Amino acid sequence: MALYSEKVMDHFRNPRNVGVIENADGVGEVGNAKCGDIMKIYLKIENGVIADAKFETFGCGSAIASSSMATELIKGKPVSEALTLTNKAVVEALDGLPAHKIHCSVLAEEAIKKALQDYYEKAGIAYDHTQFPDCESCGHCCGHEG
Amino acid sequence: MQIYLDNAATTKMSKTAIEAMLPYMDTVYGNPSSLHSAGQVAAEALTDARQRIAACIGASSKEITFTSGGSESDNQAILSAARLGERRGKKHIISTAFEHHAVLHTLKMLEKEGFEITLLDVHENGIVLPQQVAEAIRDDTCLVTVMYANNEIGTIQPIKEIGAVCREKGILFHTDAVQAAGHLHIDVQEQNIDMLSLSAHKFHGPKGIGVLYARKGIPLTGIIEGGAQERGKRAGTENIPAIMGMAAALEEACAHIDENAEKMTALRDKLIKGLSKIPHSILNGDAQRRLPGNVNFCFEGIEGESLLLLLDDKGICASSGSACTSGSLDPSHVLLAIGRVHDIAHGSLRLSLSEETSEEEIKYTIQSVTEVVEYLRSMSPIWRDLVSGRKEFVIK
């Protein structure tokens, strides 16, 4: 289909890092079933480095591809670097997304930030709260459930 | 291999329709408004096509106006009734919550002009009752417009009975028969229909051509100004090739309407039976009173666009009412109208058959949909919550 780039279709058809990490060091879930997409990211963190990342996604093709790409981009990276991942970087790595699908990349960025915030909380590491905007950059209706 | 199960979106043109069009692009290319013989040959063809189309729906040829398709016909029918009503101080229109947007958006526009619109509930089975129409009618009602069969869930409305209610009260009755024409019997006289819209590409005719039937005596409001074509009600040189293709396609469809319906209904029911075996799935719309070719399901825990993309990879062309496929934030208004909650409506799938659909294709489709739904559920955080009991299933 011409709707998506080859890269998006590749990550949609063969998503990397699908699954769950038991006893993950950080878990982040964003999105809302009402709006049609939920992303959940699981992180394993060792010595300040993302040793493993997995995801589960309910959503469209670009939501699944964005989750796959975002987890690929942060695996093996220090937490400090993963925190700087932007939705723009996800879009670029996917060779672009259609305009009305950009929110999928925003969700991926937010899911990772939320998982990292959860890691800081769980590990009792002090952090700068302003680094974690609560969904404000998202033009989508991503109210959090529960 | 391609299995085309999106015939409610559009159909493949029939050989009959294509052959009927060819001479009018090649040798008979005159403008029917021209006085010379080349034009007059085209004018005769136009007259002939109009008569044949009228005969297919029980109308007379003077009651047939050619338009660019279903949307234009819907627009013109509703606007004509509204302008007529307005002159008599009647500015109330009754319709249903799950009409096509060609109807709903036209009504929205009239609402801004000061019309009052009542949209009737269509219940969980997707069928409006004549009684509801009777109860909604007021002294200032100028039009009732109810679709013949729904484009997403295929449910067939009691058109004749609704028409009778309107006839008794002297109110104009329009039906959007875009999904019905060529697939279900239509007789505008017997079914008390005052105005009707149809579109050729839904019954193996060409795209960009349709009909607005308006009973004799109903003055139409032109929405395209210019020439005196279509008795001054629709300007623009007639699309003769498309009109000839439409006439041929409609005649062919109507000649085989019963055998096609029987064949498609059998396959439809097989498909419904097969997909019903997928856990936590539900058929949308009444199981019996639906178009012979329409199947529409919701699958809990997954989203429709990813389902469509993976089915496309398996060669199956389908459609969904999810927000992601509609380009808006909300899922299909039709699914919401029959009471499906947002979460569930996102996971919808419409498969629409044609008379060429085979038993093998249906078997393959059941197997493919089952596999893809299972796969997508395996990566869905919602599905995990549902099976682990953290969330309750909506579809039991």
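Residues numbered from 1 in each chain as written. Chains lettered and ligands numbered in written order. Predicted model: local features only at pLDDT ≥ 70, side-chain atom pairs only at ≥ 80, totals over all residues. Heavy atoms only, no water.

**Describing the confidence of the model for chain A**
For chain A, per-residue confidence averages 90 on the pLDDT scale, and residues scoring 70 or more make up 90% of the total. Per-residue pLDDT stays below 50 along residues 136-146 of chain A; that stretch engages in 27 contacts with residues further than four places along the chain or on separate chains. (pLDDT = per-residue confidence, 0-100. Contact = heavy atoms within 4.5 Å.)

**Examining the packing of aromatic side chains**
A full pass over the atoms with the stated rule returns six aromatic pairs over all chains. On the basis of an interplanar angle of 35° and a centroid distance of 5.6 Å, the ring pair of A:Y119 and A:Y120 is categorised as tilted. Like A:Y120, A:Y119 is buried. On the basis of an interplanar angle of 80° and a centroid distance of 6.3 Å, the ring pair of A:Y120 and A:F132 is categorised as edge-to-face. One end of the pair, A:Y120, is in helix α5 (residues 102-123); the other, A:F132, is in the segment after α5, with 12 residues separating them in the sequence. When its relative accessible area of 9% is taken as the criterion, A:F132 is described as buried. An aromatic cluster is defined as three or more aromatic residues linked by ring pairs; in this entry it consists of A:Y119, A:Y120, A:Y127 and A:F132. The side chain of B:K91 reaches across the aromatic face of B:F115, ending 5.2 Å from its centre. A cation over an aromatic ring shows up here: B:R377 above the ring of B:W383, its NZ or CZ 4.0 Å from the ring centre. (Phe/Tyr/Trp six-rings, centres within 6.5 Å; stacked < 30°, edge-to-face > 60°. Buried < 20%, exposed > 50% of the residue type's maximum accessible area, 1.4 Å probe, protein only. Helix = DSSP H or I, 4+ residues; strand = E, 2+ residues; numbered from the N terminus. Lys NZ or Arg CZ within 6 Å of the ring centre and 35° of its normal.)

**Looking at the pattern of salt bridges**
All names here are of chain B. The tally for this structure, following the rule as stated, stands at 30 salt bridges over all chains. The salt bridge involving D194 is made with R167; its shortest N-O contact spans 2.9 Å. On the criterion of sequence distance, the pair formed by D194 in the loop between β6 (172-176) and β7 (195-199) and R167 in helix α7 (residues 159-169) is long-range, its members being 27 residues apart. Given a relative accessible area of 2%, D194 falls into the buried group. Salt bridges here are not isolated pairs; linked through shared partners, they connect D48, R52 and E251. (Salt bridge = Lys/Arg side-chain N within 4 Å of Asp/Glu carboxyl O.)

**Quick notes on the sheet that holds strand β10 (residues 294-299) of chain B**
Residue and element names in this part refer to chain B. As summarised here, the arrangement of the three strands in space is β9-β10-β12, forming an open sheet in which the pairing is antiparallel. Of all the strands in the sheet, the pair left with one neighbour each is β9 (281-283) and β12 (348-352). Shown here is a sheet whose adjacent strand axes are inclined to one another by a mean of 25°, direction ignored. The pairing of β9 with β10 spans three bridges and is antiparallel. Bridged to I282 within β10 is C298. The strands touched by helix α9 (residues 257-276) are β9, β10 and β12; relative to β10, the strand with the most contacts, the crossing angle is about 10°. (Pairing = 2+ DSSP bridges. Axes fitted to C-alpha atoms, helices over the stretch in contact; angles between N-to-C directions.)

**Quick word on the environment of B:R289**
Residue and element names in this part refer to chain B. Along the chain, R289 turns up in the loop between β9 and β10. Separated by 33 residues in sequence, R289 and H256 have C-alpha atoms that sit 20 Å apart. Apart from the residues within four sequence positions on either side, R289 is in contact with N125, I127, G154, T155 and I156.

**Considerations on the layout of surface pockets**
Sizing a probe to match a water molecule and rolling it over the atoms shows the empty space that remains. Residues and elements named next belong to chain B. Here the largest pocket defines a volume of roughly 610 Å³. Along its surface, the largest pocket is lined by 32 residues, and H100, H101, N151, E152 and R350 are the ones closest to its centre. Contributions of two or more residues to the lining of the largest pocket are made by α4 (70-87), α5 (101-112), α11 (323-326), α12 (333-337) and β12. Here the lining of the largest pocket takes three residues from α4, the largest share from any one element. Its residues placed into classes, the lining of the largest pocket shows eight nonpolar, 18 polar and six charged. By volume, the second largest pocket is sized at about 320 Å³. The wall of the second largest pocket is formed by 19 residues, among which S14, H204, E252, N260 and E355 lie closest to the centre. In terms of residue count, the dominant contributor to the lining of the second largest pocket is α9 (four residues). Tallied by class, the residues present in the lining of the second largest pocket amount to eight nonpolar, six polar and five charged. (1 Å grid on protein atoms, 1.4 Å probe; cavity = no way out; pocket = protein on both sides within 12 Å on 5 of 7 lines; lining within 4 Å. Points joined across faces, edges and corners; volume = space filled by probe spheres on them. Nonpolar A, V, L, I, M, F, W, Y, C, P; charged D, E, K, R; others polar.)

**Comments concerning the side chain of B:E63**
Residues and elements named next belong to chain B. Tracing the chain through its elements places E63 in the loop between α3 (37-56) and β2 (64-67). Summary of buried charges: E63 has no salt-bridge partner, and the nearest side chain of opposite charge, R215, is 6.4 Å away. Within the structure, E63 has its side chain in polar contact with the backbone nitrogen of K216 (distance 2.9 Å). In contact with E63, not counting residues within four places along its chain, are L212, Y213, A214, R215 and K216. (Lys, Arg positive; Asp, Glu negative; His and termini not counted. Polar contact = N/O pair within 3.5 Å; in protein donor to acceptor, adjacent residues only side chain to side chain.)

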